[in-house]
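In case you want the letters, here they are:
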Amino acid sequence: MNELVLLKNNEAVCDSLEIAEKFNKKHKTVIRNIETLAQNCADVKKMFHKTTYKDSYSREQPKYYMNRDGFSLLVMGFTGKEAFDWKIRYIKAFNEMEKFIL
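In this text, all values refer to a predicted model and were calculated from it rather than measured experimentally.

Analysis parameters
Residues numbered from 1 in each chain as written. Predicted model: local features only at pLDDT ≥ 70, side-chain atom pairs only at ≥ 80, totals over all residues. Heavy atoms only, no water. Helix = DSSP H or I, 4+ residues; strand = E, 2+ residues; numbered from the N terminus. Rg over C-alpha atoms; globule rule 2.2 N^0.38 Å. Buried < 20%, exposed > 50% of the residue type's maximum accessible area, 1.4 Å probe, protein only. Contact = heavy atoms within 4.5 Å. Phe/Tyr/Trp six-rings, centres within 6.5 Å; stacked < 30°, edge-to-face > 60°. Lys NZ or Arg CZ within 6 Å of the ring centre and 35° of its normal. Polar contact = N/O pair within 3.5 Å; in protein donor to acceptor, adjacent residues only side chain to side chain.

### Describing the overall build of the protein chain
Now for step 1: Looking only at helices and strands, the protein chain features five helices and four strands.
Now for step 2: Secondary structure of the protein chain in N-to-C order comes out as β-β-α-α-α-β-β-α-α.
Now for step 3: Here the C-alpha radius of gyration of the protein chain, 13 Å, is about what a compact globule of 102 residues would show, namely 13 Å.
Now for step 4: Its C-alpha atoms give the protein chain principal-axis dimensions of roughly 35 × 35 × 30 Å.
Now for step 5: Taking all 102 residues of the protein chain together, the buried fraction comes to 36%.
Now for step 6: A separation of at least 24 residues holds for 56% of the contacts in the protein chain among residues at least 6 apart in sequence.

Structure representation (structure tokens):
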């Protein structure tokens with residue numbers, strides 16, 4: 001599971017593409033959810049970092065990196081057994097990465 005958590009600026013993060021894949025969501029829906037969260041609060045904006053990636057057609061597409069707080073806030077509303085299992089796995093991965101960083 002540690003492969004799902006990247007290290008960026010000495011902080012454990014994951015990205016919106018991984019969230020979409022693992023939680024069986026459309027990436028554009030995950031992006032919309034992040035942007036809705038971030039528009040309402042400056043503190044929330046600090047939890048997400050917008051960047052881009054090239055899709056299979058070499059087009060620039062948006063994606064977000066998020067820290068543990070951003071992840072928690074985003075997936076809090078995801079429901080179902082599978083979503084619950086992935087939440088637990090990500091939390092464990094963030095914990096392991098933080099042990100590694102410290």
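### Notes on the environment of Ser-56
Now for step 1: Residue position: Ser-56 is located in the loop between strand S3 (48–54) and strand S4 (60–66).
Now for step 2: Remark: the alpha-carbon pair of Ser-56 and Glu-21, spanning 35 residues in sequence, is separated by 15 Å.

### What about the packing of aromatic side chains?
Now for step 1: Scanning the model with the defined rule gives seven aromatic pairs in all.
Now for step 2: A ring pair is formed by Phe-71 and Phe-94, whose centres lie 5.7 Å apart and whose planes are at 45 degrees; its orientation type is tilted. Taken together, the positions of Phe-71 in helix H4 (residues 68–75) and Phe-94 in helix H5 (residues 81–101) put the pair 23 residues apart, joining distant regions of the chain. The pair formed by Phe-71 and Phe-94 is uniform in burial state, with each residue classed as buried.
Now for step 3: Through a chain of ring-to-ring contacts, the aromatic side chains of Phe-23, Phe-71, Phe-78, Trp-86, Tyr-90 and Phe-94 assemble into a single cluster.
Now for step 4: Lying across the ring of Trp-86, Arg-89 places its NZ or CZ 4.7 Å from the centre.

### Looking at the side chain of Asp-15
Now for step 1: When you line up the elements, Asp-15 lands in strand S2 (residues 11–15).
Now for step 2: A distance of 2.8 Å separates a polar atom in the side chain of Asp-15 from the backbone nitrogen of Leu-17.

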